[in-house]
Amino acid sequence: TLNAILFSFSELERLSNLVGKPSENHPLHNSGLLSLDPVQDKTPLYSQLLQAYKWSNKLQYHAGLASGLLNQQSLKRSANQMGVSAKRRPKAQPTTLVLPPQYVDDVINRIDRMFPEMSIQLSRPNGTSAMLLVTLGKVLKVIVVMRSLFIDRTIVKGYNENVYTEDGKLDIWSKSNYQVFQKVTDHATTALLHYQLPQMPDVVVRSFMTWLRSYIKLFQAPCQRCGKFLQDGLPPTWRDFRTLEAFHDTCRQ
């Protein structure tokens, strides 16, 4: 029994010598408790954390030095501007967010004539801001909220779903009851972020409507990657912004 106790004390003394203390030079808060792990050779988390912390500090220091040096230089965007002074460079013309309602109506009418399978109804229930009800064949309906000629919000619903509130106005808040059209709504919001050209808002609207028109075969086009029509019970809901090809949400990655 005494030999067993002596062995236990020896083992305790050996383990106590392996216990380190958190470095005071690197206040890592509760992560310093990792240094109390006696099995450093198997789980060297604290030493790796210290190394990453030092590397991060060094990177931040060198980035600050590089930023100071770059700010002292007169950077040019291209070789054509090397001889042009900053005072002579043309200033960017500010883009106006307010366009005449008649101009907006003309743009929407031209887009409506471009796509025979798409009908667009324009209304202005709240002043000059336009609201569009886009009906794409017998597939879906899209509510487009516009501020002048800039699209702020889109909601996609099924063809047979109600898009009006009880007082007869377009319902711009409630989402579709079907998951497939909820997915298309998310993709349409992503498309609004992709098609951005403030200098030419009519081109943005036309490009977005062209992309939206590709959903005319939402339930007929197979996925261009896996070749299947359904995946997890859903058709290919993603349309490529450049080629307008159909992909499942997971196949487009």
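Before reading further, recall that the structure is shown in the block above.
Residues numbered from 1 in each chain as written. Predicted model: local features only at pLDDT ≥ 70, side-chain atom pairs only at ≥ 80, totals over all residues. Heavy atoms only, no water.

J.: Would you take a moment to explain the environment of Lys183 for this structure?
T.: Relative to the elements of secondary structure, Lys183 occurs in helix H4 (residues 179-194). Among the residues examined, Lys183 registers a relative accessible area of 24% and is labelled partly exposed. Separated by 54 residues in sequence, Lys183 and Thr237 have C-alpha atoms that sit 6.6 Å apart. The contact partners of Lys183, leaving out residues within four places of it in the chain, are Leu234, Thr237 and Asp249. (Helix = DSSP H or I, 4+ residues; strand = E, 2+ residues; numbered from the N terminus. Buried < 20%, exposed > 50% of the residue type's maximum accessible area, 1.4 Å probe, protein only. Contact = heavy atoms within 4.5 Å.)

J.: I'm lost on the environment of Asp167 in this one. Help?
T.: Relative to the helices and strands, Asp167 is located in the loop between strand S4 (150-158) and H4. There is a polar contact of 2.2 Å between the side chain of Asp167 and the side chain of Thr165. Here Lys169 takes part through its backbone nitrogen, which lies 3.5 Å from a polar atom of the side chain of Asp167. (Polar contact = N/O pair within 3.5 Å; in protein donor to acceptor, adjacent residues only side chain to side chain.)

J.: Just checking my understanding: could you explain the nonpolar core for this structure?
T.: Grouped burial of nonpolar side chains is what soluble globular proteins tend to show. By size, the foremost hydrophobic cluster in this structure holds 41 residues, and its most contacted members are Val134, Leu140, Met146, Phe208, Met209 and Trp211. Looking at this core, the elements with two or more residues in it are helix H3 (101-114), strand S1 (118-126), strand S2 (129-136), strand S3 (140-147), S4, H4 and helix H5 (201-213). Non-local contacts of Trp211, meaning those with residues more than four positions away in its chain, are made with His187, Ala188, Ala191, Tyr195, Arg239, Asp240, Phe241 and Leu244. The next biggest cluster of nonpolar side chains, apart from the first, holds eight residues, and it includes Met131, Ile155, Leu170 and Ile172. (Core = buried A, V, L, I, M, F, W, Y, C linked by side-chain atoms within 4.5 Å.)

J.: Could you clarify how one ought to interpret the packing of aromatic side chains in this entry?
T.: The relation between two aromatic rings is expressed through the spacing of the ring centres and the mutual angle of the planes. For the structure on display, the rule yields seven aromatic pairs. Relative to Phe241, the ring of Tyr195 lies with its centre 5.8 Å away and its plane at 75°, an arrangement referred to as edge-to-face. Of this pair, Tyr195 sits in the loop between H4 and H5 while Phe241 sits in the loop between strand S5 (238-239) and strand S6 (246-247), placing them 46 residues apart in sequence. Taking 5.2 Å as the distance between ring centres and 80° as the angle between the ring planes, the aromatic pair formed by Trp211 and Tyr215 counts as edge-to-face. We note Lys141 situated over the ring of Tyr159; from NZ or CZ to the ring centre the distance is 5.4 Å. (Phe/Tyr/Trp six-rings, centres within 6.5 Å; stacked < 30°, edge-to-face > 60°. Lys NZ or Arg CZ within 6 Å of the ring centre and 35° of its normal.)

J.: Can you help me understand the sheet that holds S1 in this one?
T.: By way of backbone hydrogen bonds, the strands of a sheet pair with one another, either parallel or antiparallel. Spatially, S1-S2-S3-S4 is the arrangement adopted by the four strands of the open sheet, whose pairing is antiparallel. The open sheet has two edge strands with one neighbour each: S1 and S4. Pairs of neighbouring strands in the sheet enclose a mean axial angle of 20°, with direction left out of account. Relative to S3, S2 is paired through six bridges, and the arrangement is antiparallel. Following the sheet pairing, Thr135 is matched in S3 by Lys141. Across the sheet, H3 touches S1, S2 and S3, and the angle it forms with S1 is around 160°. Against the sheet, H5 engages S1, S2, S3 and S4, with an angle of about 25° to S2. (Pairing = 2+ DSSP bridges. Axes fitted to C-alpha atoms, helices over the stretch in contact; angles between N-to-C directions.)

J.: For this particular structure, what's the right way to read unusual backbone geometry?
T.: Peptide bonds are trans in most cases, and residues, glycine excluded, mostly fall at negative phi. Unusually for a residue other than glycine, Ser148 sits at a positive phi of about 60°. Take Ser148: it is sitting in the loop between S3 and S4. In this structure Ser148 comes out as buried when scored by relative accessible area, which is 13%. Although it is not a glycine, Leu244 adopts a positive phi angle of roughly 65°. Its location among the elements puts Leu244 in the loop between S5 and S6. Classification of Leu244 by relative accessible area gives partly exposed; the value is 30%.

J.: Whenever I open this one, a nonpolar patch on the surface confuses me. Can you help?
T.: There is a patch of nonpolar side chains on the surface, built from Leu2, Ile5, Phe9 and Leu12 and spanning about 460 Å² of accessible area. Mapped onto the elements of the fold, Leu2 is located in helix H1 (residues 2-18). (Patch = residues over 30% accessible without salt bridge, like charges linked within 9 Å, V, L, I, M, F, W, Y side chains within 5 Å. Areas by Shrake-Rupley, 256 points an atom, 1.4 Å probe, with all protein chains shown as cover. Salt bridge = Lys/Arg side-chain N within 4 Å of Asp/Glu carboxyl O.)

J.: Looking at this structure, how should I read H4?
T.: Because each turn of an α-helix spans 3.6 residues, side chains separated by three or four positions in sequence point in the same direction. Taking 1.5 Å as the rise per residue, H4 with 16 residues should run 22 Å; its terminal C-alpha atoms sit 23 Å apart, in good agreement. Those residues of H4 that fall on the buried side of the exposure criterion are Val180, Phe181, Val184, Thr185, His187, Ala188, Ala191 and Leu192. Summarising the contacts, the buried residues of H4 are in contact with S3, S4, H5 and S5. (Expected span 1.5 Å × (residues − 1).)

J.: Just checking my understanding: could you explain the pairing of S2 for this structure?
T.: Sheet faces and side chains relate simply in a regular strand, where the side chains alternate between the two faces. Of all eight residues in S2, seven are buried; the element is thus mostly enclosed. Pairing of S1 with S2, which is carried by seven bridges, proceeds in the antiparallel orientation. Bridge pairing links Gln121 to Leu133 in S2. Hairpin geometry of S1 and S2 is characterised by an intervening segment of two residues between the two adjacent antiparallel strands and by a positive phi of about 85° at Gly127.

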